[in-house]
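Chain by chain, the residues run as shown.
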Amino acid sequence: MKLFFGIENLAQIRSLDVKIVRGEEMADLPIIKNAWMATKDGLMEAFGGMDEFDELRFSDYERIDCKGCSILPTWVDSHTHLVFADWRADEFEYRIKGLSYEEIANRGGGILNSAIKLQNADEQELYKSASARLKQLIAMGTGAIEIKSGYGLTLDSELKMLRVIKRLKAEFPIPIKATFLGAHAVPITYNGDTDKYVSHIINEMIPAVASENLADYIDVFCEKGYFTVNQTVKVMEAGVKHGLKSKIHVNQFNAIGGIKACVDHNAISIDHLEVMNSEDFDALENSDTIPVALPSCSFFLGIPYTPAREIISRGLPLCLATDFNPGSAPSGSMNFVVSLACIKMNMTPSEAINAATINGAAALEISSEIGSITVGKRANFIITKEIKHLAEIPYHFGAPLIQDVYIDGEKFKA
Ligand code: NIG
Ligand code: FE
């Protein structure tokens with residue numbers, strides 16, 4: 001039982017029925033100034049303003065003087081590729097010298113390069129490296145995460161990745177969701193026969209993943225040169241038959257009609273959206289599919305940013321995530337994502353914080369347990385350094401103003 005008092009801003013206060021914020025609602029970040037908050041049994045128990053604070057009620061609680069620091073819920077990172085065998089810093093140099101992501105992939109780099117390394121990697125080593133990365137991310141404020149497979153590309157190696165994620169779920173205190181991304185790229189052994197690989201995904205991989213209960217969601221890289229809209233639909237349909245809802249990589253480099261297909265198939269989220277046309281926006285209106293922007297990928301690859309203003313002005317929700325991976329976003333910092341969203345996508349700090357907390361939770365279907373300061377939710381929150389205004393978090397880009405991270409009411413030690 002802990003009592004945090006003297007909190008400059010207690011931010012993102014919501015009632016339990018708020019599961020997501022859309023359109024204009026995103027501009028509002030509810031805050032109590034000069035606040036206190038109590039936690040008990042790993043949950044948020046109560047909070048309020050210091051002026052209505054009843055000392056006696058909490059006399060046996062451990063007291064933590066926040067001394068002008070602010071509290072907000074931990075980030076929810078709803079899109080990562082956290083499990084991989086090695087970085088791809090060599091490709092980074094090729095890109096600096098002028099090769100595009102596509103050209104690097106065509107020369108044997110990219111996802112297929114990561115797949116060869118992962119296929120040869122030992123499961124225990126994969127666990128160790130992923131676990132070290134996850135600790136760093138939690139220390140940077142991430143309190144719930146999604147992790148994809150997709151660097152295995154063979155039945156055995158995809159299962160190996162998913163078992164690593166399963167172990168992370170068991171050993172870490174934060175909510176973790178696993179996504180099966182067998183359709184990330186076509187393995188070299190298929191000689192470009194994408195249909196044949198899709199049949200293998202549908203007939204062998206998905207049933208095996210589902211029978212071992214290794215995934216919560218299914219994903220496809222719906223993109224020119226990877227998987228067509230029709231192939232994406234086939235994988236989504238096969239996923240649904242095995243209880244896997246979809247979260248799809250779509251519109252990263254080209255708009256090929258994938259968004260409408262995802263909406264028609266009740267995808268939970270559509271992720272990337274750097275390139276959008278008017279049919280894509282129309283398809284999203286009146287749907288429950290959540291748009292997810294990954295600005296670190298745009299920053300790193302030098303591609304367009306997801307058009308946040310147009311998405312929000314159409315009354316839609318927007319979610320922010322890192323896309324942490326060795327190829328297109330080698331940073332798992334949600335603090336940087338929130339800064340980029342403000343600086344490059346013209347989102348206000350309040351919109352960006354909403355997109356990185358409550359809307360991230362919605363994109364992982366865990367808004368009832370995480371994503372806001374709410375009585376009864378898990379006590380996963382960030383204590384910032386001394387700041388007057390929450391806008392200072394994205395404003396001081398690259399300098400995470402995080403003092404402590406609490407998970408289930410306990411201070412996280414990396
Ligand atoms: O989300 N676009 C597809 N997948 C990843 C990149 C994977 C890689 O390059 O290793 C992404 O950007
Ligand atoms: Fe991704």
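All figures in this text were calculated on a predicted structure; none of them were measured in a lab.

A.B. asks: Just checking my understanding: could you explain the site of ligand 1 for this structure?
C.D. replies: Around ligand 1 sit 15 residues, and of these Y101, Y151, H184, Q252 and S328 come closest. H81 places a polar side-chain atom, nitrogen or oxygen, 3.4 Å from an oxygen atom of ligand 1. A distance of 2.9 Å separates an oxygen atom of ligand 1 from a polar side-chain atom of R88. Here ligand 1, which alone exposes 320 Å², has 100% of that area covered by the protein. Among the detected pockets, ligand 1 sits in the largest cavity. When the residues that make up the shell around ligand 1 are grouped by side-chain class, the tally is 4 nonpolar, 9 polar and 2 charged.

A.B. asks: Is there a simple way to think about the side chain of H184 in this case?
C.D. replies: Inspection of the secondary structure puts H184 in the loop between strand 8 (176-183) and helix 6 (194-211). Judged by relative accessible area, H184 falls into the buried class, the value being 4%. There is a polar contact of 2.9 Å between the side chain of H184 and the backbone oxygen of G150. When neighbours within four sequence positions are excluded, H184 is seen to be in contact with H81, I111, G150, Y151, L153, F221, Y226 and F227.

A.B. asks: I'm lost on the sheet that holds strand 11 (residues 269-272) in this one. Help?
C.D. replies: Sheet strands pair via backbone hydrogen bonds, and the direction of the pair is either parallel or antiparallel. Spatially, 8 strands are ordered 6-7-8-9-10-11-12-13 in an open sheet, and the strand pairing comes out parallel. If you trace the sheet from one side to the other, it starts and ends with strand 6 (75-77) and strand 13 (319-320), each paired once. Sheet analysis places strand 10 (residues 245-250) next to strand 11, joined by 4 bridges and oriented parallel. Residue V250 lies in a different strand from strand 11, and its bridge partner there is H272. Contacts between helix 7 (residues 229-241) and the sheet are confined to strand 9 (217-222) and strand 10, with strand 9 contributing the most and set at about 175 degrees to the helix.

A.B. asks: Just checking my understanding: could you explain empty space enclosed by the protein for this structure?
C.D. replies: Rolled over the atoms, a probe sized like a water molecule indicates the empty space that remains. Considering all chains together, one arrives at 1 cavity of 30 Å³ or more under this definition. Considered as a void within the structure, the largest cavity measures approximately 100 Å³ in volume. If you go around the largest cavity, you meet 13 residues; those closest to its centre are H81, Y101, H184, N325 and S328. Here the residues of the lining of the largest cavity sort into 4 nonpolar, 7 polar and 2 charged.

A.B. asks: Looking at this model, I keep getting lost on the layout of surface pockets. Mind explaining?
C.D. replies: Within this model, the largest pocket holds a volume of roughly 480 Å³. Around the largest pocket, the lining comprises 21 residues; the ones closest to its centre are E102, A105, N106, G225 and Y226. Per-element tally for the lining of the largest pocket: the top contributor is helix 2 (residues 101-106), with 4 residues. Across the lining of the largest pocket, the residue classes tally to 10 nonpolar, 7 polar and 4 charged. The computed volume of the second largest pocket comes to approximately 190 Å³. Residue lining of the second largest pocket: K19, I20, R22, V263, N266, A267, I268, D288, T289, I290, A362 and E365, and that is the complete set. Looking at side-chain class alone, the lining of the second largest pocket contains 6 nonpolar, 2 polar and 4 charged residues. Counting the residues that make up the lining of the second largest pocket, at least three belong to each of domain 1 (2-73 + 371-411) and domain 2 (76-363).

A.B. asks: What exactly am I supposed to notice about helix 5 (residues 155-171) here?
C.D. replies: Since the α-helix packs 3.6 residues into each turn, any two residues three or four apart lie on the same face. For helix 5, spanning 17 residues, the distance from its first C-alpha to its last is 24 Å, which sits close to the expected 24 Å at 1.5 Å a residue. For helix 5, the full list of buried residues reads S157, E158, L159, K160, M161, L162, V164, I165 and L168.

A.B. asks: Is there a simple way to explain the pattern of salt bridges in this structure?
C.D. replies: Close approach of charged atoms allows side chains of opposite charge to pair. All chains considered together, the criterion is met by 19 salt bridges. Two residues, R163 and E123, come together in a salt bridge whose shortest N-O distance is 2.9 Å. You can see R163 sitting in helix 5 and its partner E123 sitting in helix 4 (residues 123-139), a full 40 residues away along the chain. A residue is classified by how much of its surface remains accessible, and E123, at 28% relative accessible area, is partly exposed. The salt bridge involving R314 is made with E310; its shortest N-O contact spans 3.6 Å. With a relative accessible area of 27%, R314 lands in the partly exposed category. For E310, a relative accessible area of 34% puts it in the partly exposed group. The network of salt bridges with shared partners includes D282, E285, E310 and R314.

Rules behind the numbers
- In this numbering scheme, every chain counts its residues from 1 along its sequence in written order.
- A letter from A marks each chain and a number from 1 marks each ligand, given out in the order of writing.
- Only residues with pLDDT of at least 70 are given local features in this predicted model, and only at 80 or more are side-chain atom pairs given and counted; all residues enter the totals for whole chains, interfaces and linings.
- Values shown for side chains rest on all heavy atoms present in the structure; no hydrogens or waters enter the calculation.
- The cutoff for a nearby residue is simple: one of its non-hydrogen atoms must lie within 4 Å of the molecule or strand.
- Each polar contact in these results corresponds to two N or O atoms within 3.5 Å; when the atoms are within protein, one needs to be able to donate a hydrogen and the other to accept it, and residues that are neighboring in sequence are counted only if both atoms are side-chain atoms.
- Using a 1.4 Å probe, the Shrake-Rupley method yields the accessible areas, and only the shown protein chains count as cover for residues.
- Only protein atoms enter the 1 Å grid used here, on which a cavity is any set of points holding a 1.4 Å probe that cannot leave and a pocket is any open set flanked by protein within 12 Å on both sides along at least five of seven lines; residues with an atom within 4 Å of a point are listed as lining.
- If over half the atoms of a molecule are within 2 Å of the grid points of a cavity or pocket, the molecule is regarded as sitting in it.
- Any residue outside Ala, Val, Leu, Ile, Met, Phe, Trp, Tyr, Cys, Pro, Asp, Glu, Lys and Arg is labelled polar, Gly included; the first ten of those are nonpolar and the last four are charged.
- Secondary structure elements are taken from DSSP: a helix is a run of H or I of four residues or more, a strand is a run of E of two residues or more, and numbering for both begins at the N terminus.
- In this scheme, a residue with accessible area under 20% of its type's maximum is buried, one over 50% is exposed, and one in between is partly exposed, where area comes from a 1.4 Å probe on protein chains only.
- Every residue pair with non-hydrogen atoms within 4.5 Å of one another is taken to be in contact.
- By definition, two strands form a pair when at least two bridges between them are found by DSSP.
- Fitted lines through C-alpha atoms serve as axes, helices being fitted only where they are in contact, and the angles separating the N-to-C directions of these axes extend from 0 to 180 degrees.
- Grid points are joined across faces, edges and corners, and a volume is the space filled by probe spheres set on the points.
- Each domain's extent is set by a domain assignment, obtained either automatically or from a database.
- Expected helix span is given by 1.5 Å per residue-to-residue step, counting one fewer step than there are residues.
- Here, a salt bridge means any Lys or Arg side-chain nitrogen found within 4 Å of an Asp or Glu carboxyl oxygen.

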